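# Descriptive structure summary
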Amino acid sequence: GLSVEKVETANYKFNYIVKIDNETYEYVGERIEDKELFTFNGGEYYKDNDEYYKKGLSSWVKVDSPYKYREFLDFKQINEIFAEATSVSKTEFDSGEISYLFKIASASISKSIDGTDIDIDDIPNELNFVSNNEGELYKIELDLSSYGKYKNICKEKFNIVLNYSDFGEVSEIVNPID
């Protein structure tokens, strides 16, 4: 089966890519529990719980979250949002990787995120969990184009890829603000 324990333990390096039509937002960093150090758009950021700081010329400045669509970048929230997803297929690769594909209606995502009931018959959104040869989840691919069009997030495409690596190997994240 698919083990999500390493991601839930929240000690890893990450690379998150959000693509909206022709725009790409990439976040590269490391996380230990509720702390993160990452780069985005040439800037250096520090996250502590729900507070974000950006490195300025001489000091760190408190800023709004630079994450685009944060609800789809946090594993706990993804788990909640996609609780209603239906399994489509499981593909095993020679490398030992396994891909688990799910689909979910935009209405289910909308209800989970903002509690609204929408009556829409649309192409389902796709969610792909990929495990490494040890069965550990290390990549999540979301194709939310259908939801994105409904919410006016995108015209055509809304895709997110979450890559996790170096589980348990981030020794510490020192608060850079002091």
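This structure is a prediction, so every number in the text was calculated from the model and none was measured.

A few words now on the environment of Asp 34. Mapped onto the elements of the fold, Asp 34 is located in the loop between strand S2 (23-32) and strand S3 (35-40). With 79 residues separating them in the primary sequence, Asp 34 and Ile 113 have C-alpha atoms 21 Å apart. Leave out the neighbours within four places in its chain, and Asp 34 touches Lys 47, Asp 48 and Asn 49.

Attention now goes to the pairing of strand S9 (residues 125-131). Of all seven residues in S9, six are buried, a share of seventy percent or more. Bridge analysis of strand S8 (residues 98-104) against S9 gives seven bridges, and the strand direction is antiparallel. Counted as the bridge partner of Ile 98 is Ser 131 from S9. Summarising the sheet, S9 and strand S10 (residues 137-143) pair through six bridges and their orientation is antiparallel. Across the sheet, the residue bridging to Asn 128 is Glu 141, located in S10. Turn length for the S9-S10 hairpin, with the two strands adjacent in sequence and antiparallel, is five residues, and the turn residue Gly 135 shows positive phi of about 80 degrees.

Turning our attention to the pairing of S3. Side chains of S3 alternate between two faces, with Glu 36, Phe 38 and Phe 40 buried and Lys 35, Leu 37 and Thr 39 left unburied. Counted between consecutive antiparallel strands, the loop separating S2 from S3 contains two residues, among which Glu 33 sits at a positive phi close to 50 degrees. Where S3 lies against strand S4 (residues 43-48), six bridges are found, and the strand directions are antiparallel. Note that in S4 the partner of Thr 39 across the bridge is Glu 44. Linking S3 back to S4 in an antiparallel pair, the connection comprises two residues, with Asn 41 at a positive phi of about 55 degrees.

Right, let's talk about helix H3 (residues 106-114) for a bit. Every buried residue belonging to H3 is among Ser 106, Ile 109 and Ser 110, and all of these are buried. In an axial view of H3, the angular spread of the buried residues amounts to 100 degrees, which keeps them on one side of the axis. Where H3 is buried, its residues meet helix H2 (75-81), S8, S9 and helix H4 (145-150). Phi turns positive, to about 70 degrees, at Gly 115, one or two residues after H3.

Let us now look at the side chain of Asn 125. Note that Asn 125 resides in strand S9. Take Asn 125: its relative accessible area is 0%, and that puts it in the buried class. Only 2.9 Å separates the side chain of Asn 125 from the backbone nitrogen of Tyr 147, close enough to count as a polar contact. Leaving out residues up to four positions away in the same chain, Asn 125 has contacts with Phe 102, Lys 103, Ile 104, Ala 105, Ser 106, Ile 109, Asp 143, Leu 144, Ser 145, Ser 146 and Tyr 147.

Conventions adopted
- Residues numbered from 1 in each chain as written.
- Predicted model: local features only at pLDDT ≥ 70, side-chain atom pairs only at ≥ 80, totals over all residues.
- Heavy atoms only, no water.
- Helix = DSSP H or I, 4+ residues; strand = E, 2+ residues; numbered from the N terminus.
- Contact = heavy atoms within 4.5 Å.
- Buried < 20%, exposed > 50% of the residue type's maximum accessible area, 1.4 Å probe, protein only.
- Pairing = 2+ DSSP bridges.
- Arc of directions from axis to C-beta.
- Polar contact = N/O pair within 3.5 Å; in protein donor to acceptor, adjacent residues only side chain to side chain.

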